[in-house]
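Chain by chain, the residues:
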Amino acid sequence: MKQYENFHIVDHPLIQHKLTLIREKTTGHKIFRELVTEVATLVAFELTRDLATIPTEIVTPMMATTGNTVSGKDVVLVPILRAGLGMVDGLIQLIPNARVGYVGMERDEETHKPVHYYFKVPKQPENRSFIILDPMLATGGTAIATANSLKDLGATRIKFMCLIAAPEGREAFCETHPDIEVYTASLDEKLDDNKYIIPGLGDAGDRLFGTK
Ligand code: URA
């Protein structure tokens with residue numbers, strides 16, 4: 001299997017544990033939602049390893065010293081509607097100053113390509129670090145289109161984060177955007193005929209929002 005240097009699996013034992021509970025079909029939407037938030041936080045911990053820090057003068061009870069702080073104001077989370085919304089809180093817990101853009105995608109009836117029905121991100125994208133959020137990297141179509149749109153606006157610092165990726169989505173995304181680092185909790189086996197990830201977790205949006 002081809003290796004992709006920009007593809008990272010964060011498979012800490014605690015992440016594996018929580019992801020296993022998420023996958024279990026009897027897990028209801030309340031617990032599912034809480035676990036998605038927790039796993040998103042844990043994967044984001046690794047994704048944000050290169051966040052810029054600001055030397056900050058402080059005084060401890062013992063002496064004056066210089067620490068490091070993170071502003072996070074230039075970070076923009078970009079959840080892809082609707083399942084990406086389930087990951088936002090997990091990242092906000094780590095980067096409370098992050099901004100949040102939104103992307104809604106649907107398939108064009110004629111071209112069958114993903115197109116935006118909603119796209120809202122902060123101004124001056126060239127000065128910001130974007131983190132695209134979607135729990136499932138299945139075919140990669142919407143994630144690729146979202147990254148294309150951000151690049152068209154002038155964004156140069158983009159990462160993509162999911163919870164579960166299919167080999168098909170990994171290949172499509174990493175071949176199209178080798179400059180975008182991808183972070184996931186798992187690389188699963190394959191897609192089924194309906195483009196669902198196997199073994200996966202089913203429909204992430206329905207399970208997050210209790211719509212099935
Ligand atoms: N989207 C989902 O919600 N689940 C999948 O398995 C694939 C795409």
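Residues numbered from 1 in each chain as written. Predicted model: local features only at pLDDT ≥ 70, side-chain atom pairs only at ≥ 80, totals over all residues. Heavy atoms only, no water.

> Account for the packing of helix α4 (residues 141–153) against helix α5 (residues 167–176), naming residues and giving values.
Relative orientation of the contacting elements α4 and α5 amounts to 15 degrees, with a least axis distance of 9 Å. In terms of their interaxial angle, α4 and α5 are classed as roughly parallel. Along this stretch, α4 crosses α5, giving a crossing that reads as right-handed. Contact with α4, carried on its side by A143, I144 and A147, involves A172, F173 and T176 of α5 and no other residues of that element. (Axes fitted to C-alpha atoms, helices over the stretch in contact; angles between N-to-C directions. Helix = DSSP H or I, 4+ residues; strand = E, 2+ residues; numbered from the N terminus. Parallel < 35°, antiparallel > 145°, perpendicular 65-115°, else oblique. Left-handed = near helix turned anticlockwise from the far one by under 90°. Contact = heavy atoms within 4.5 Å.)

> Summarise the site of the ligand; cite the residues concerned and give the values.
In the neighbourhood of the ligand, the contacting residues comprise M136, A138, K195, Y196, I197, G202, D203 and A204. About the coverage of the ligand: the protein hides 82% of its 240 Å² of free accessible area. Grouping the constituent residues of the shell around the ligand by class yields five nonpolar, one polar and two charged. (Near = heavy atom within 4 Å. Areas by Shrake-Rupley, 256 points an atom, 1.4 Å probe, with all protein chains shown as cover. Nonpolar A, V, L, I, M, F, W, Y, C, P; charged D, E, K, R; others polar.)

> Quick one: what's the story with the side chain of S129, residue by residue and with numbers?
For S129, the position within the fold is in strand β8 (residues 129–133). A polar side-chain atom of S129 sits 2.8 Å from a polar atom in the side chain of R157. Residues in contact with S129, not counting those within four places in the same chain, are D74, V75, V76 and R157. (Polar contact = N/O pair within 3.5 Å; in protein donor to acceptor, adjacent residues only side chain to side chain.)

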